[in-house]
Structures are given as C-alpha cells and as structure tokens.
Amino acid sequence: MRSQVVIIGSGPAGLLLGQLLTNAGIDNVVLERSTREHVLSRVRAGVLEEGTAAMLEEAGAGQRMRREGLPHDGFDVAFDGKHHRIDLFNLTSGKRVMVYGQTELTHDLMDTRDRADAASVYEAAEVTPHDFDRDAPYVTYEKDGATHRIDCDFIAGCDGYHGVSRRSVPESAIHSFERTYPFGWLGILADVPPVSHELIYCNHKRGFALCSMRSMTRSRYYVQCSLDDHLEDWPDDRFWDEIRRRLPEDVAGRMTTGTSFEKSIAPLRSFVAEPMRFGRLFLAGDAAHIVPPTGAKGLNLACGDVRYLFDGLRDYYIGKSTAGIDAYSARALARVWKAERFSWWMTTTLHLFPETGAFGQRIQEAELDYLIHSRAASTALAENYVGLPF
Ligand code: APR
Ligand code: PHB
C-alpha cells in the first residue's frame, strides 16, 4: 500500500491533520493502536483558543462546536478569599475562548473523517516508522495476524507522549527539556450545574482549585493533591468539602454538589523535545511537548503544530515548495516555548509549593495582587490565554 502521508495517532493532532490533508486532496492514512471507543473514552481539558476553533471550522468539523460550545469572554482568579475577573474580551480587543470538551472535538473529527471516507486503521499494533532519514520512508504495523506496510512520502508522529515516533529517533538526534511538579490534579466530572458561568482558577494555602465545566449542567472540578494520593483517599464528600474550603466563601456557598461519575488523578509535567522534524518524520502535539494543564494549552498547542505542518505539506504538494516543511520545527517550537512559559507561570503562581513556605505564598499573592491591579499584567495574561497568533 502507498499513501502520501502516514499519520500515527488518532488523537486531536492526528485527526485534525488528517482532515485538513484530506480536504486538500492529499492522500493520508491514520494508524491508531487503540480502539475508537478507547480514544473517545479519554477525559481531557476543553478550552479552545480562537485559532483552534477556526481550524475545526476549516476542517469542516465545527458544526456541533458552534451549537454546543460555550463562548467565554473571561475567567476569575481567586486568592486571599476574593475573586477577580480577567476580562479576556476587552483586554484582547475582542478575543474569547470556546469551552468545548476535547472528547467532543475528537468525536467530531472522527465523524468528519468517516464522512470523507478517509483511511483509518484502529487497533493497529506494533506501528513502526522506517527509513524516515531517507527519501522513501515507510510504516509497518500488525493487524489481524498479518504485517502490513505503507510506503509514503512523510510520516506525522501524532502519537502522544508515550508514542513510538519520538522513541524511533536516535537519542543523539533529540534534545529533551523537562520539569515535573511535586503534586497532581484530582479531577471530577459531575452532572451538577457549574458554580459559575465562567472558569475560576483559585490559589489557596491548602492548594490550587479549578472550577470548570463541560456544559451548564455538567461540571468539571479539580483540586491540587499529593502525588501519593489514591482515588480511594478521595470519596466525593471529601472532595466537595476540600474544594469549598479553597474557594472564596461566596462561591463555595453556592456550589451544587453531587455524585461524581468520573474521577482521576493526573501528574503535571512540562516537556519539550527538540527538534520536531527528523528527515521525513514530523512530531506534532503531545509527541513533541507536554504542558501542565493549568493554562489549558495542550490541545491548542497540538492544533498549532498542525497549522504549521499542514501548511508546509500543502505547499510541498501543491505549491511545490519545501519552505514550509523546512521551517516547521523552528516555527512550531517558537510557539511551543511561549505556551510552555505561560503554562509554567500559571502553575507556579497558582499552586502550593510547600518547599517555598510562607514566603512563597506571599510572593504568589503579591504576583496575583499585581496582576489584577495592572492592566499591562492582565493584558499579558489575557493574550496568552486566548492564544498567541500562529
Ligand atoms: N501507535 C499508534 N497509535 C499510538 C501509538 C502507537 N505506538 N502510541 C500512541 N498512539 C495513539 C494514542 O492511542 C492516542 O490516540 O496516539 C494518540 C495520541 O493522542 P493524544 O495523546 O491525545 O495526543 P495529541 O493528538 O497530540 O493531542 C494532545 O491530547 O492528551 C491530550 O492533554 C493532551 O490536550 C492534549 C491533546
Ligand atoms: C477543563 O475544563 O478540564 C480545564 C479547563 C481549564 C484548564 C484545565 C482544564 O486550565
């Protein structure tokens, strides 16, 4: 079998790239090791930058997002018992974000790919990229007891942090940067109305808390927790008590609690692999970088990579120019590192770091106090949150 582009991974990055290529008449195959159901079972953040929402529309997969997505013009920052609104819309001269679950976005892209009758192989085992340092790369995989081979021009490694693509690159050719954080996020989903119509990011001496949502009837809440915690340490009652202890009293007092139907603990990490291109192999999305979820940048960075990679591949096939693919890694990394900085700043400013003690808490509160009283500081926060231009 032959295809122009083989995409490894059927997450947001792989599916969005695949749809844009298909719409441009560029032949591609998506190879995914899991089942569709497993891919769609993952619970992930859902704050879309305008550029991400625009790409979903460009891919022809934006209809449901337009119907069901929640446009947000601002969010609250809470600390020292009070909360203050960051007016995204006015601070960025009219930009906003769209609250729309990543699972829904992935579902919409899968459905759009099905309607386009583009080739996807699920439960593809042992997917392996070959000869991407030459001009005739190919990918092999196992399925139904047989080994399959796809010859191609390019391979897009959209297979996430634990994927095969980055691991296939010789260690000497890749430079990784990493920071791990000494805490996790305990998150729940519950079919109760959100405590606010916008998100609330809360700094507290007991730890960070975040009030988010999936709709006006489904809430998504998080509290900072120890990496030694287990789900059984956090029955619903303890979760609701803890998040209300961390929120300002007026917010906690109006919180609707209920039974969670999803609960998970996730570690936080900052990670970047450089470069993002190795001959005919390109890394995009979590395969190349990870951000702590505090700035809601993971999905948006994956889409930003796809913007540059699709434009480069389109110029290669249609514009007969290699300029776009040659510039891909540098362009993507310039945007990645700005989002890594922003996500690191949100994380270090809002979370409890026991090792920095009472002094560290005061420094965080001073940073936040400056933030809400300085238009320049609030504007810097707002323009990073809504998304820097591609
Ligand atoms: N072979 C084939 N598929 C693979 C392999 C492999 N060896 N390894 C991983 N995959 C698949 C995974 O099963 C997953 O469906 O690649 C896909 C990668 O998807 P994501 O991890 O969602 O990564 P990405 O598309 O870059 O999207 C980034 O997703 O995980 C969130 O927080 C992250 O919001 C960010 C977004
Ligand atoms: C979420 O809704 O899951 C969410 C929102 C904003 C974040 C992180 C997670 O910064």
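Up top you'll find the structure we're talking about.
So, here is what we can say about the structure in this document.

Cut-offs used in this document
- Residues numbered from 1 in each chain as written.
- Chains lettered and ligands numbered in written order.
- Predicted model: local features only at pLDDT ≥ 70, side-chain atom pairs only at ≥ 80, totals over all residues.
- Heavy atoms only, no water.
- Phe/Tyr/Trp six-rings, centres within 6.5 Å; stacked < 30°, edge-to-face > 60°.
- Helix = DSSP H or I, 4+ residues; strand = E, 2+ residues; numbered from the N terminus.
- Buried < 20%, exposed > 50% of the residue type's maximum accessible area, 1.4 Å probe, protein only.
- Lys NZ or Arg CZ within 6 Å of the ring centre and 35° of its normal.
- Near = heavy atom within 4 Å.
- Polar contact = N/O pair within 3.5 Å; in protein donor to acceptor, adjacent residues only side chain to side chain.
- Areas by Shrake-Rupley, 256 points an atom, 1.4 Å probe, with all protein chains shown as cover.
- Nonpolar A, V, L, I, M, F, W, Y, C, P; charged D, E, K, R; others polar.

Let us look at the packing of aromatic side chains. A full pass over the atoms with the stated rule returns 19 aromatic pairs. For the pair phenylalanine 282 and tyrosine 328, a centre-to-centre distance of 5.6 Å together with 85° between the ring planes defines the contact as edge-to-face. In this pair, phenylalanine 282 sits in strand S19 (residues 281-283) while tyrosine 328 sits in helix H10 (residues 323-350), placing the two residues 46 residues apart along the sequence. Tyrosine 328 carries the same exposure label as phenylalanine 282, and that label is buried. Relative to tyrosine 317, the ring of tyrosine 316 lies with its centre 5.0 Å away and its plane at 90°, an arrangement referred to as edge-to-face. Taking relative accessible area as the criterion, tyrosine 316 reaches 24% and is therefore assigned partly exposed. By relative accessible area, which is 12% here, tyrosine 317 ends up buried. Cluster of aromatic residues (ring-pair linked, three or more members): Phe75, Trp185, Tyr201, Phe208, Tyr222 and Tyr385. One residue, arginine 149, lies across the ring of tyrosine 138, its end atom 3.6 Å from the ring centre. Here arginine 166 stacks its cationic end above the ring of tyrosine 161, 4.9 Å away from the centre of that ring.

Before going further, it helps to examine the site of ligand 1. Around ligand 1 sit 24 residues, and of these Glu32, Arg42, Arg44, Gln102 and Asp286 come closest. Residue proline 12 places a main-chain N or O atom 3.3 Å away from an oxygen atom belonging to ligand 1. Note that an oxygen atom of ligand 1 is positioned 3.4 Å from one of the side-chain N or O atoms of serine 34. Within the complex, the protein chains bury 89% of what would otherwise be the 710 Å² of accessible surface of ligand 1. Elements supplying a minimum of two residues to the shell around ligand 1: helix H1 (12-23) and helix H9 (298-317). Considering only residue class, the shell around ligand 1 consists of nine nonpolar, nine polar and six charged.

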